[in-house]
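# Report on the structure
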Amino acid sequence: MIDNHIPVNYSNRTRRYVDRLTARAIAACGVSVLLVMMLLFVWLLWVVMPLFATPSMQAGPSQPALSAQPAVALGVNQGWGWRIDSQGEGRFFPLNGAAPEPPLQLARGPVVSAATADNSSLLLLQPDGNFRLVQPDFSAADAMPNWKFPLGDSVFDSGGSGFTLATLAASGAQQWLAALSDGQHIRLLRLQAGQPMQSDMLASGPVNQLLLAPNGSLLFATSEHSLRVWQINGQQVTLRDTFPLTHPPRQMALLSGGRSLLLADERGISQWFDIADERGVHLHRIRDFAGARAQHQLITEPQRRVFATISAAGELQMFASKREGVFFRHALGEGVQQAQFAPPGDGLLIERTDGWQYWRIDNPWPDISLQNLWQKVWYENYPQPDWVWQSTAVDDPYQAKFSLVPMVAGTLKAAALAMLFATPLALAAAIYTAWFMSPALRRWIKPAMEMMGALPSVVVGLFASLWLAPQIAARLSGVLLLPIALAATLLLCGPLLKRLPSRWRLLDAPGREVWLLVPLLLLVSALSLWLMPMADTALWGKPLAERLPGGYEQRNLLIAALAMGFALVPLIFTLAEDAIFSVPAALGQGSLALGATAWQTLSRVILPSAASGIFAALMIGFGRAVGETMIVLMATGNTPVTEGGLFHGVRALSANIAVEMPEAAAGSAHYRILFLSALVLLVFTLILNTLAEVVRQRLRRRYGQHEGQG
């Protein structure tokens with residue numbers, strides 16, 4: 001400790017004022033940076049958290065009953081409700097409780113009704129077998145709804161009587177397919193506006209329930225002990241599947257899109273859908289929903305794969321196709337006779353014997369949960385559960401697939417492999433530059449390497465995708481050998497220089513190593529990239545890329561790793577070289593003076609002393625690789641898959657955000673999940689850097705103690 005302090009004159013008021021102002025400005029800037037980081041974190045959380053909010057329901061006022069007859073059909077559209085009672089009277093009523101429209105006799109009761117999947121068309125079947133097709137129409141300019149009769153306002157003869165079951169599907173524009181059953185036979189009706197009706201009889205046996213797919217391509221029928229599925233292709237109807245059932249089904253329904261069938265029996269509610277296997281496409285039982293039981297009511301949402309059960313006591317339980325069990329419960333009160341979701345799923349109309357009530361539902365993303373973003377999910381028509389990212393599709397009944405696992409796996413694979421390529425080259429170059437190179441040459445080499453780090457990553461990605469990818473496909477065996485050959489050359493050239501013949505010693509003069517090193521590296525690279533592919537083709541008849549058993553994609557993980565590795569080399573080299581060069585020269589000189597060789601000094605004195613700096617360089621390089629976007633975007637197939645190895649495409653989290661964020665609708669589930677990807681990336685980077693700093697500090701203390709002891 002210094003006892004005699006250096007006298008400083010602090011009497012100058014201007015100097016004290018400037019010092020205080022500077023200190024406060026620096027502190028304010030530091031705090032501002034931390035606040036910006038916190039605000040970024042909070043903003044990401046603010047966008048993401050609504051995805052996992054608990055749904056809620058708000059009850060509207062109870063309204064008096066519209067008819068003494070129970071409803072056989074119920075619907076909601078544009079602020080209006082509509083109902084058709086068992087005597088065939090149809091009526092519209094405002095959901096705000098205003099006076100209802102006068103009723104209209106649509107059919108002679110008691111009627112059996114069947115609706116299309118979107119509830120836009122209804123078939124009203126009379127006891128004598130006659131029927132009428134009606135539509136609630138909300139397209140009038142005065143916003144007053146009315147009833148339409150697309151086949152005409154007269155009744156049609158179905159060709160039989162005693163039908164107690166009916167189902168309806170919209171098979172095309174102004175075309176419908178209806179199935180009727182008396183419990184023993186099934187009559188299939190093909191209806192088209194302006195065309196005569198066509199009908200077929202199916203050999204069926206006992207029938208308890210009937211259901212048509214929304215497009216009329218499949219017909220499901222249940223009895224006490226069996227489930228049968230008919231394939232309908234134009235005029236051809238084929239019995240495709242027959243399944244024995246151990247428990248008689250009580251209810252049957254289709255989820256939105258018509259690909260998933262729900263069967264409710266005394267054991268619970270199960271989901272079935274088609275899977276293609278070696279026998280063709282057949283229906284399979286996929287899962288049982290945990291906690292789901294056959295209840296008084298089983299209803300489905302028209303536009304989302306969500307269904308609900310309502311018990312006799314009025315308890316509502318909601319389920320979604322991608323979740324294991326109930327995700328929302330609510331007590332509606334006793335006496336619910338009929339219920340129907342609003343098309344967007346934001347409302348529920350219920351009818352009791354003494355009135356009706358409309359509930360508003362806040363449940364924007366029922367399919368999203370923290371678990372199904374990270375675990376395997378069995379999607380419709382997939383042969384098994386899988387991690388899948390597919391945010392858009394061409395067909396309307398598309399089931400969104402939002403698993404983050406493929407992007408996380410792609411990010412880690414690309415970053416780890418890039419480090420595998422970059423680390424040996426960068427560390428070998430740093431060791432050689434800091435320990436073996438002359439100071440004069442180092443003053444040229446180090447700035448040149450640092451300038452390489454300023455090369456835009458999009459340029460590197462462009463170079464990799466347009467030139468590097470086809471070159472590597474033709475020279476794959478040589479490329480795989482190249483990093484090992486170059487690293488070995490760099491490490492061996494130092495001691496080999498000392499063993500050169502005397503006539504070559506001029507090249508060993510300080511500042512002239514480059515005239516030997518660069519040709520040597522070029523020679524090794526040329527031999528590796530030229531000789532190996534030739535030998536490979538000569539031995540096997542074709543290049544390695546064409547012999548790979550799993551196939552070779554031209555833009556793949558290897559291309560991305562090479563390009564990212566090239567981008568990481570300058571960063572790791574600069575930081576590692578600084579760490580090695582900063583080791584006090586006295587340590588190395590002392591080791592050499594005690595008789596240690598240069599390699600012994602390097603491996604036992606210099607590298608341990610610089611270990612914390614080298615580790616920090618590697619961690620910063622890994623962090624750069626995890627967050628890299630453009631190279632991964634341009635050099636890989638941008639394929640979100642978890643399987644696949646070195647020669648298959650990947651997609652990283654950052655690349656996924658860059659690709660899909662411009663197409664995501666603001667506020668949608670897709671949009672918020674992309675923000676969740678950014679949050680995952682931020683948290684992962686934060687954890688990685690924190691761990692790296694902890695390890696770096698420990699290494700510094702450990703080797704600092706050794707240095708102090710020395």
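By the naming in an unreviewed UniProt entry, the protein is Phosphate ABC transporter permease, taken from Pantoea alhagi. Looking at the protein in UniProt, the text filed under Sequence similarities (unreviewed entry) is "Belongs to the binding-protein-dependent transport system permease family."

## Observations regarding the domain arrangement of the protein
Domain parsing of the protein yields domain 1 (71–245) and domain 2 (404–438 + 446–458 + 553–705). Relative to domain 2, the C-alpha centre of domain 1 lies at a distance of 63 Å.

## Thoughts on a nonpolar patch on the surface
On the surface, Val33, Met37, Leu40, Trp43 and Trp46 cluster together into a nonpolar patch covering about 560 Å² of accessible area. Within the secondary structure layout, Trp43 lies in helix H1 (residues 13–48).

## Details of the sheet that holds strand S17 (residues 218–222)
Whether parallel or antiparallel, the strands of a sheet pair through hydrogen bonds between backbone atoms. Strands sit in the order S16-S17-S18-S19 across an open sheet of four strands; the sheet is antiparallel. Two strands bound the open sheet, and with one partner strand each, they are strand S16 (209–212) and strand S19 (236–244). In this sheet, neighbouring strand axes are inclined to one another by 20° on average, regardless of whether the strands run parallel or antiparallel. Inspection of the sheet shows S16 paired to S17 by four bridges, in the antiparallel sense. Bridged to Gln209 within S17 is Thr222.

## A closer look at the nonpolar core
One finds Ile368, Ile472, Leu476, Tyr552, Ile572, Ile580 and Ile673 to be the most contacted residues of the largest nonpolar core, which totals 82 residues. Beyond its immediate sequence surroundings of up to four residues, Ile673 is in contact with Leu51, Ile368, Leu373, Trp389, Phe402 and Leu404. Within the second largest apolar cluster, 18 residues are counted, among which are Ile299, Ile310, Leu316 and Leu348.

## Observations regarding the packing of helix H2 (residues 405–436) against helix H11 (residues 611–627)
With their axes 9 Å apart at the nearest point, H2 and H11 run at an angle of 140° to one another. Classified by the interaxial angle, the pair formed by H2 and H11 is oblique. H2 and H11 meet at a crossing whose hand is right-handed. Two secondary-structure elements touch here, H2 through Thr411, Ala415, Ala416, Met419, Thr423 and Leu427 and H11 through Ile614, Leu618, Gly621, Phe622, Ala625 and Val626. For the contact of H2 with H11, the per-class residue count stands at nine nonpolar, three polar and no charged.

## Re the sheet that holds strand S21 (residues 261–265)
Ordered by their spatial adjacency, four strands build an open sheet running S20-S21-S22-S23, and the pairing between neighbours is antiparallel. Of all strands in the sheet, those with a lone pairing partner are strand S20 (251–254) and strand S23 (280–288), marking the two edges. Adjacent strand axes in the sheet meet at a mean angle of 25° when their direction is disregarded. In terms of strand pairing, S20 meets S21 through four bridges, oriented antiparallel. Each bridged residue has a counterpart across the sheet, and for Met252 the counterpart in S21 is Leu263.

## Focus: the environment of Gln600
Note that Gln600 resides in helix H10 (residues 598–609). Judged by its relative accessible area of 33%, Gln600 falls in the partly exposed class. Gln600 sits 324 residues away from Ala276 along the chain, and the two C-alpha atoms are 64 Å apart.

What counts, and where the lines are drawn
Residues numbered from 1 in each chain as written. Predicted model: local features only at pLDDT ≥ 70, side-chain atom pairs only at ≥ 80, totals over all residues. Heavy atoms only, no water. UniProt positions renumbered as here; feature names shortened; annotations may be inferred. Domains from an automatic or database assignment. Patch = residues over 30% accessible without salt bridge, like charges linked within 9 Å, V, L, I, M, F, W, Y side chains within 5 Å. Areas by Shrake-Rupley, 256 points an atom, 1.4 Å probe, with all protein chains shown as cover. Salt bridge = Lys/Arg side-chain N within 4 Å of Asp/Glu carboxyl O. Helix = DSSP H or I, 4+ residues; strand = E, 2+ residues; numbered from the N terminus. Pairing = 2+ DSSP bridges. Axes fitted to C-alpha atoms, helices over the stretch in contact; angles between N-to-C directions. Core = buried A, V, L, I, M, F, W, Y, C linked by side-chain atoms within 4.5 Å. Buried < 20%, exposed > 50% of the residue type's maximum accessible area, 1.4 Å probe, protein only. Contact = heavy atoms within 4.5 Å. Parallel < 35°, antiparallel > 145°, perpendicular 65-115°, else oblique. Left-handed = near helix turned anticlockwise from the far one by under 90°. Nonpolar A, V, L, I, M, F, W, Y, C, P; charged D, E, K, R; others polar.

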